[in-house]
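Residue strings, one per chain:
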Amino acid sequence: MGLLDGKKALITGARKGIGRGIALTLANEGADVGINDIVDDEVSRRAAELVTNRGVKGTFHAGDVSTVAGVNAVIDSFLAEHGRIDILVNNAIFPDQSRPLFDTDEAYWDRMMNLSLKGYFFGAQRAAKEMIAQGNGGSIVCLSSVHAYVAIEEWTAYGTAKAGLRRMVKGLAIDLKGHNINANCIAPGAISNVLPDGDDDVIDGAPHDPSRFTKHLPAAKGGLPSDIANAVLYLTSELGQYVNGETILVDGGMIATKTMQD
Amino acid sequence: MTTQLLEGKKALITGSRRGIGSGIAQLFAEHGADVGINDVIRDEEADKTIAAVESLGRKASWHQADVGNTEDRNRLLDEFVSEHGRIDILVNNAVASRDMHFTKITEEFWDHLVGHALKGYLFLAQGAANRMIEHGHGGNIINISSVHSYRAWPHDTVYGVVKAGLNRMVQSMAHDLAGTGITANCVAPGYIDSRVLPSAEEASRANAEYLGSALGFIPSRRGGVPRDIAGACVFLASELGEYVNGQTITVDGGFLAGGVPPDSQPLEPGMPGAAK
């Protein structure tokens, strides 16, 4: 018996890293999972296969979730396979996440905001519409970041988008009141995204050297995709259903102790 | 993973005779933990909580103690460890407050509430942390805070100050306990219906009548129940939340997200929960 038996979850940007970890964790708890990514390759298919190997339904939905048309196409494709949507995890982000202030041109800014704010917003709006029509509530989780709380050199555009998400889920909570939908953010700290070598049927890669972050970080280690995935599991399961409009930092104490840059 | 998220853990929950503390003890037991039940008095409610834990096949030890008293705190921790062998989880939950207008706050009341719910929590956390460090396997310390730590309600000054102090306390605990494997966090409940109700009236818990006009400002459109707070504690005390540290998690059904005080506007007709 799992914490999410029978739930239907769509995870954006889930080809690898944190998104893939979320997909496999929700699958471990009994959810059918749709993997979305802009990259359509063997790695994407393998992620969906790893979901299926857990005894639940795993599907892949290629698509760019930075436009409203793209978001709708991905959700349409998910609904065609799964029939309904109970959980949306907005996780997609491109690799080029930091940029010096004066190299941040309009094209980069637009790309960041279109994916991380506009895409997340319209994904949540569409998913909420479906959840209301289905009548059984649901959960929306957006991936924010420690960059929503503090400034680090060259992360202004990313941090601005991630801070916007913290406010966005409060608006979703308020506007979706009465529909049994909770909307929250997870704000990861420094998370290891190292892809496993050899056996790829694991959630976490090798953790980073703890000294890369700080000798003072309370957790004394970098975070892993499973740490973020487990927080998503909490918010989407019965355990966290009364948490709404909230952002949970999963950072090993980084922001509480301001040890980000030691 | 199974639903037994706390299998074999030893958890002490203060103020757990009834209400939220009892809810935490029971959900911890459902997830496989042995628990220590503490309160200032033992009564029928305490007996019910202990019986509920035992009916789940878990051990429940009873510890009568006042967390505002130094000797009681030390005895409480010693008793718990001698019963269970170690302490893995401490939930600081015990509190008894009352409303007092700012102009009427007495030194006696200040000393009482701060002594119990701030000083008492700190020294219990310190004692638990020292025992966890000695044991060498980390642990989890959870303070029950409140939405009153963020915003003011009428006549809640001392309570709000104490709760805000707890949010700040866990940040320092995260700092000073770095590398020990101990996490320190708060859970900040919103409107939780923690009344003692006859079982026949359990269905009325947190319902619209109980919440009145406040319901209109809770996006989740229901009052919270002890199990909601217990769920956050299970998250923080289990492997699910092991990388969460120095944090306060608000569990309020979205109440604070909108920032509208409950008594400033009536519930509009037609809104879910409004009188027909």
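See the structure above.
An account of the accompanying structure is given in this report. (Residues numbered from 1 in each chain as written. Chains lettered and ligands numbered in written order. Predicted model: local features only at pLDDT ≥ 70, side-chain atom pairs only at ≥ 80, totals over all residues.)

1. What to know about the nonpolar core
Judged by nonpolar contacts, the single largest core of 160 residues is most densely connected at A23 of chain A together with C233 of chain B. When residues of this core are assigned to their parent elements, the largest contribution, nine residues, is made by helix α4 (residues 107-135) of chain B. Contacts of C233 of chain B, omitting those with residues within four sequence positions, involve I24, V91, I142 and V187 of chain B. (Core = buried A, V, L, I, M, F, W, Y, C linked by C-beta atoms within 7 Å. Buried ≥ 20, exposed ≤ 12 C-beta atoms within 10 Å, placed from the backbone. Helix = DSSP H or I, 4+ residues; strand = E, 2+ residues; numbered from the N terminus. Contact = placed C-beta atoms within 7 Å.)

2. Some points on the pairing of strand β6 (residues 182-189) of chain B
Side-chain direction in a regular strand flips from residue to residue, so the side chains alternate between the two faces of the sheet. Residues and elements named next belong to chain B. The buried count for β6 comes to eight of eight residues, which makes it a mostly enclosed element. Across the two faces of β6 the burial is the same, with I182, A184, C186 and A188 and T183, N185, V187 and P189 all buried. Examined bridge by bridge, strand β5 (residues 139-144) and β6 share six bridges and lie parallel to one another. From the neighbouring strand, N143 faces β6, where its bridge partner is C186. In this fold, β5 hands off to helix α5 (residues 157-176), which returns the chain to β6; that crossover is right-handed. Two elements, β6 and strand β7 (residues 248-251), share four bridges in a ladder whose sense is parallel. Within the sheet, the bridge partner assigned to V187 lies in β7 and is I249. (Pairing = 2+ DSSP bridges. Right-handed = clockwise from strand over helix to strand, strands pointing away.)

3. Some remarks on the interface of chain A and chain B
On the side of chain B, 33 residues touch chain A, which itself brings 36 residues to the contact. The set of elements that each furnish at least two residues to the side of chain A that touches chain B consists of α5 (156-175), α6 (225-236), β7 (247-250) and α7 (254-257) of chain A. With four residues, α6 of chain A is the single largest residue contributor to the side of chain A that touches chain B. Of the residues in the side of chain A that touches chain B, the class split is 18 nonpolar, 12 polar and six charged. (Nonpolar A, V, L, I, M, F, W, Y, C, P; charged D, E, K, R; others polar.)

4. Overview of the packing of α4 of chain B against α5 of chain B
All names here are of chain B. Between α4 and α5, the least distance of the axes is 10 Å, while the angle of their chain directions is 15 degrees. The angle between α4 and α5 places the two elements in the roughly parallel class. Two packed elements cross with a definite hand, and for α4 against α5 that hand is right-handed. Along the contact surface, α4 presents F109, W110, L113, V114, A117, L118, Y121, L122 and A125, while α5 presents V158, Y159, V162, G165, L166, M169 and M173. Here the residues of the contact of α4 with α5 sort into 15 nonpolar, one polar and no charged. (Axes fitted to C-alpha atoms, helices over the stretch in contact; angles between N-to-C directions. Parallel < 35°, antiparallel > 145°, perpendicular 65-115°, else oblique. Left-handed = near helix turned anticlockwise from the far one by under 90°.)

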